[in-house]
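Fold and geometry: a report
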Amino acid sequence: MQPADEKRIEAFLDTLWAERGLSENTLSSYRYDLTRLAGHLQAAGSDLLRAGREDVLQFLATQVQAGKSPRSISRYLSGFRQFYQWQLREGRLQRDPTALIESPRLGRGLPKALSEPQVEALLETPDTDTPLGLRDRTMLEMMYATGLRVSELVQLELGSLGINQGVVRVVGKGGKERLVPLGEESLDWLQRYLENARPTLMKGGACANVFVTSRKKGMTRQAFWHAIRKHAAAAGISQPVSPHMLRHSFATHLLNHGADLRVVQLLLGHSDLSTTQIYTHIAREGLKRLHSKHHPRG
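Described below are features of the structure shown in this document. (Residues numbered from 1 in each chain as written. Predicted model: local features only at pLDDT ≥ 70, side-chain atom pairs only at ≥ 80, totals over all residues. Heavy atoms only, no water.)

Considering the environment of Gly 133
Summarising the element assignment, Gly 133 is placed in helix H6 (residues 131–146). Overall, Gly 133 belongs to the buried group, its relative accessible area being 8%. As for Gly 133 and Ala 197, which are separated by 64 residues in sequence, their C-alpha atoms are 8.8 Å apart. In this structure Gly 133 touches Pro 126, Asp 127 and Thr 128, once residues within four positions along its chain are discounted. (Helix = DSSP H or I, 4+ residues; strand = E, 2+ residues; numbered from the N terminus. Buried < 20%, exposed > 50% of the residue type's maximum accessible area, 1.4 Å probe, protein only. Contact = heavy atoms within 4.5 Å.)

Quick word on helix H8 (residues 184–202)
Its 19 residues place the ends of H8 26 Å apart at the C-alpha level, agreeing with the 27 Å of an ideal helix rising 1.5 Å per residue. A maximum bend of about 40° is found in H8 at Leu 194. Taken as a whole, H8 has its buried residues at Ser 186, Leu 187, Trp 189, Leu 190, Tyr 193, Ala 197, Arg 198, Leu 201 and Met 202. Packed against the buried residues of H8 are H6 and strand S1 (161–162). Looking one or two residues beyond H8, the residue adopting positive phi is Lys 203, at roughly 50°. (Expected span 1.5 Å × (residues − 1). Bend = angle between axes of the 7 residues up to and from the residue.)

Brief notes about the pairing of strand S2 (residues 167–171)
Across 2 bridges, the pairing between S1 and S2 is antiparallel. Bridging across to S2, Gly 162 finds its partner in Val 167. The turn joining S1 and S2, which pair antiparallel and follow one another in sequence, is formed by 4 residues; a positive phi near 75° is taken by Gly 166. Sheet topology note: the S2/strand S3 (residues 177–181) ladder contains 5 bridges and is antiparallel. If you follow Val 171 over to S3, its bridge partner there is Glu 177. From the end of S2 to the start of S3, which pair antiparallel, there are 5 residues, and Gly 174 there has a positive phi angle of about 70°. (Pairing = 2+ DSSP bridges.)

As for the sheet that holds S3
The 3 strands are arranged S1-S2-S3 in an open sheet whose pairing can be described as antiparallel. If you trace the sheet from one side to the other, it starts and ends with S1 and S3, each paired once.

Let's talk about the packing of aromatic side chains
All chains considered together, the criterion is met by 7 aromatic pairs. Relative to Trp 86, the ring of Phe 12 lies with its centre 5.9 Å away and its plane at 45°, an arrangement referred to as tilted. Taken together, the residues Phe 12 in helix H1 (residues 3–20) and Trp 86 in helix H4 (residues 70–89) connect sequence positions 74 residues apart. Trp 86 carries the same exposure label as Phe 12, and that label is buried. When the ring centre of Trp 86 is taken as reference, the NZ or CZ atom of Arg 92 above it lies at 5.0 Å. (Phe/Tyr/Trp six-rings, centres within 6.5 Å; stacked < 30°, edge-to-face > 60°. Lys NZ or Arg CZ within 6 Å of the ring centre and 35° of its normal.)

Remarks on the layout of surface pockets
The calculated volume of the second largest pocket comes to roughly 200 Å³. What lines the second largest pocket is a set of 15 residues, and nearest its centre among them are Leu 132, Arg 135, Asp 136, Ala 227 and Lys 230. Going through the elements one at a time, H6 and helix H9 (221–234) are the ones with two or more residues in the lining of the second largest pocket. Broken down by element, the lining of the second largest pocket gets its largest block of residues, 5 residues, from H9. Of the residues belonging to the lining of the second largest pocket, the class tally is 5 nonpolar, 6 polar and 4 charged. (1 Å grid on protein atoms, 1.4 Å probe; cavity = no way out; pocket = protein on both sides within 12 Å on 5 of 7 lines; lining within 4 Å. Points joined across faces, edges and corners; volume = space filled by probe spheres on them. Nonpolar A, V, L, I, M, F, W, Y, C, P; charged D, E, K, R; others polar.)

Section: unusual backbone geometry
A positive phi angle, near 50°, is found at Lys 203, a position not held by glycine. Counting through the fold element by element, Lys 203 comes out in the loop between H8 and H9. Positive phi is not limited to glycine here, since Lys 216 has a value of about 65°. If you trace the backbone, Lys 216 turns up in the loop between H8 and H9.

Here we look at the side chain of Glu 152
When you line up the elements, Glu 152 lands in helix H7 (residues 150–154). Classification of Glu 152 by relative accessible area gives buried; the value is 4%. Of the polar contacts made by the side chain of Glu 152, one reaches the side chain of Arg 178; its length is 2.9 Å. For Glu 152, the contacting residues outside a window of four places in its chain are Val 170, Val 171, Gly 172, Lys 173 and Arg 178. (Polar contact = N/O pair within 3.5 Å; in protein donor to acceptor, adjacent residues only side chain to side chain.)

Some details on the packing of H6 against helix H10 (residues 243–256)
Packing of H6 against H10 leaves a shortest axis separation of 7 Å and a crossing angle of 45°. Classed by the angle they form, the pair H6 and H10 counts as oblique. Where H6 abuts H10, its residues Leu 140, Met 143, Tyr 144, Ala 145 and Thr 146 lie against Pro 243, Leu 246, Arg 247, Ser 249, Phe 250 and His 253. Of the residues belonging to the contact of H6 with H10, the class tally is 7 nonpolar, 3 polar and 1 charged. (Axes fitted to C-alpha atoms, helices over the stretch in contact; angles between N-to-C directions. Parallel < 35°, antiparallel > 145°, perpendicular 65-115°, else oblique.)

This is the structure we're talking about:
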């Protein structure tokens, strides 16, 4: 950390102690957090007063990637905001780099991820010699390969599939669209389902949804939830398994295999810090290469 930043931090802490009488433990926490931010900025050739929003986001991204909880991220951000608001009041800054960064929501934690062997066992359970079994296998493969929300999966329409490009166009929360790579394994099962199972299930009927029932209607969230519970039990998985657990397993396994956290965020369609809100622009082909390199079934 640069000497100038050290002086700025201590002056800020002296002000907090004088104006608000904060405890030594609280002041020590602020000192520790600001010192880490200053060290991160120094490594990037910057300092506390020259930092921009992207610099602070990048630091927070490293902390999320290191396994810090939303509560810890919230604490970092709270201290940084107070520091920069003080610098504004003192006339040393024209803008607060933390002003447009959202605080994380401190709700319930994510469900536990399945292990890779558990996922493999789950995927192998449906009887793919039957149309319904082939449909279920394809849905499981796609959810694990893409990390789609269950609502996004059951609402997929035929027009959203880019078979030749190996991607799917997804409409997520707030009507936001994103392109997600399918991976070779998932794409292969999707083609088999579309060629062999879906026409049998539809029996000449018409439906825009990719995944359909024997009643020639689109799958529902409840129907898929029931199917995944049935296959999980058949696979010998004792813990309750939900569609969201597969989405979480997708993200966890990508990160375990070395994928960049920001790529995973983009694939999942997250938009704020509560679900690790840090973005970079990545081209479609780059996403496909990263997915192929890091996903266990890419």
